[in-house]
Amino acid sequence: MNKRLLSGMRPTGPLHLGHLVGALDNWVKLQEKFECFYMIADWHALMSEYENPKELERNSIEILADWIACGIDPDKSTIFVQSHIREHLDLNMVLSCLTPLSLLERNPTYKEQLRELKGRNIMTYGFLGYPVLQAADILVYKASVVPVGMDQKAHLELTREIVRKFNNLYGKVFPEPETVLTEIPKLLGFDNRKMSKSFDNAISISDNADTIKKKTMKMITDPKKIHLDDAGHPDICNVCSYYKVFAPGKAKEVEKSCKESKRGCIKCKGELADILIEKLTPIREKRERLLSDKKALIDILKKGEAKARLTASETMKEVRKKVGVVHDL
Ligand code: TRP
Ligand code: SF4
């Protein structure tokens, strides 16, 4: 039996290129090696969106369409919505009892999010507990492999601490999951800030050709290169980073001609836009086809839910026994 893998994303808005080349391309490959559980983390999304949660349900369906359009295969992987499996919250309760407050308060991701999501009031009890629920997500399936980006590393370390504490107190139930750090190429948003939904600076997987073009033309290039025949510094240019990821075969030539003053930024960005449009158009079309049959998408989630529940309920039975909260109803 292959090792079990779990990962998730929050349905807080449209997926963008960063998700595609960071997480999703990797998830697609991992399907061949592991028994994969991919989760739409709607409770985690609610933690930051609770003041305006109207979009959550639609976003969850759209994220599912994005995943499948990018190559996540519901016949290979178990795809489900976090809030459909109540055992996550049961386990979250147990883990909350044994998680020291100090571990949560000094969590670097928590501090960073407080800074980044400035417009929201996330000084809440729920948000502080974010990593405890994340630990429950992983442990309720006894997943041993968890692929995440660097920003989630601290959460995974917290999960491991929680596992050690639980196993010490009640006997060994959970494996210590290993973090598989996803190598995320350095792609910035078109304003050169971190690509993020909250900055509205990213090309979405669902963007049409026109929007892709407009956003690409807005990208910031080497600020010292003003005229076509100025020599540029491709190593500090975000456009060049995009070439390296989306057209590695062409990146060398772009770098060379940029340095030799033989390339203008407008043409350079125009060509990049064409490359991105070619890559994203089939994904967008598949995504639209999928979204035109909502019932089929819901059926995929129902199938995933049934599979996920089998494992989650087994784990919770075992946890209840070990902890001594048993119900033979
Ligand atoms: N916190 C993760 C993120 O924002 C999403 C997530 C929730 C997750 N539960 C998880 C990732 C469990 C891995 C495992 O990216
Ligand atoms: Fe960047 Fe291309 Fe302009 Fe060079 S020519 S600075 S790589 S956009």
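Residues numbered from 1 in each chain as written. Chains lettered and ligands numbered in written order. Predicted model: local features only at pLDDT ≥ 70, side-chain atom pairs only at ≥ 80, totals over all residues. Heavy atoms only, no water.

**Student:** Please clarify how the site of ligand 1 should be interpreted in this entry.
**Tutor:** Around ligand 1 lies a shell of 14 residues, among which Arg10, Tyr130, Gln134, Asp137 and Gln152 are the nearest. The separation between a nitrogen atom of ligand 1 and a polar side-chain atom of Gln134 is 3.1 Å. Sorting the residues of the shell around ligand 1 by element identifies strand 1 (4-9), helix 8 (130-139) and strand 4 (145-148) as the ones contributing at least two each. Per element, the largest residue contribution to the shell around ligand 1 is four residues, and it comes from helix 8. The residue inventory of the shell around ligand 1, partitioned by class, reads seven nonpolar, five polar and two charged. (Near = heavy atom within 4 Å. Polar contact = N/O pair within 3.5 Å; in protein donor to acceptor, adjacent residues only side chain to side chain. Helix = DSSP H or I, 4+ residues; strand = E, 2+ residues; numbered from the N terminus. Nonpolar A, V, L, I, M, F, W, Y, C, P; charged D, E, K, R; others polar.)

**Student:** Help me out: how do you make sense of the environment of Lys186 in this one?
**Tutor:** Secondary-structure assignment places Lys186 in the loop between strand 5 (178-181) and helix 10 (209-217). Separated by 56 residues in the primary sequence, Lys186 and Tyr242 have C-alpha atoms spaced 8.6 Å apart.

**Student:** Please explain the site of ligand 2 as it appears in this structure.
**Tutor:** In the vicinity of ligand 2, the residues found are Thr221, Asp222, Lys225, Cys237, Val239, Cys258, Arg263, Cys265 and Cys268. Its residues assigned to classes, the shell around ligand 2 shows five nonpolar, one polar and three charged.

**Student:** Looking at this structure, how should I read the pattern of salt bridges?
**Tutor:** Any two side chains of opposite charge can pair, so long as their charged atoms come close to each other. Under the criterion given, the structure shown has 27 salt bridges. Close ionic contact of Arg58 with Glu62 constitutes a salt bridge, the shortest N to O distance being 3.8 Å. Of the two residues, Arg58 and Glu62 both sit in helix 3 (residues 56-70), four residues apart, roughly one turn of that helix. Accessibility expressed as a relative area gives 22% for Glu62, which makes it partly exposed. Arg287 is the salt-bridge partner of Glu62, the closest N and O atoms lying 3.0 Å from each other. Placement of the pair is Glu62 in helix 3 and Arg287 in helix 13 (residues 265-291), with a sequence separation of 225 residues. Classification of Arg287 by relative accessible area gives buried; the value is 6%. (Salt bridge = Lys/Arg side-chain N within 4 Å of Asp/Glu carboxyl O. Buried < 20%, exposed > 50% of the residue type's maximum accessible area, 1.4 Å probe, protein only.)

**Student:** Hey, could you run me through helix 4 (residues 87-98) in this one?
**Tutor:** An α-helical segment advances 3.6 residues per turn. Residues three or four places apart therefore align on the same side. Its twelve residues place the ends of helix 4 17 Å apart at the C-alpha level, agreeing with the 16 Å of an ideal helix rising 1.5 Å per residue. Restricting attention to buried positions, one finds in helix 4 the residues Glu87, His88, Leu91, Asn92, Val94, Leu95 and Leu98. Seen along its axis, helix 4 keeps its buried residues to an arc of 170 degrees; they face one direction. Turned more than 90 degrees away from the buried face of helix 4, the exposed residues are Met93 and Cys97. Residues of helix 4 that are buried sit in contact with strand 2 (35-40), strand 3 (78-81), helix 8, helix 9 (153-170) and helix 14 (294-323). (Expected span 1.5 Å × (residues − 1). Arc of directions from axis to C-beta. Contact = heavy atoms within 4.5 Å.)

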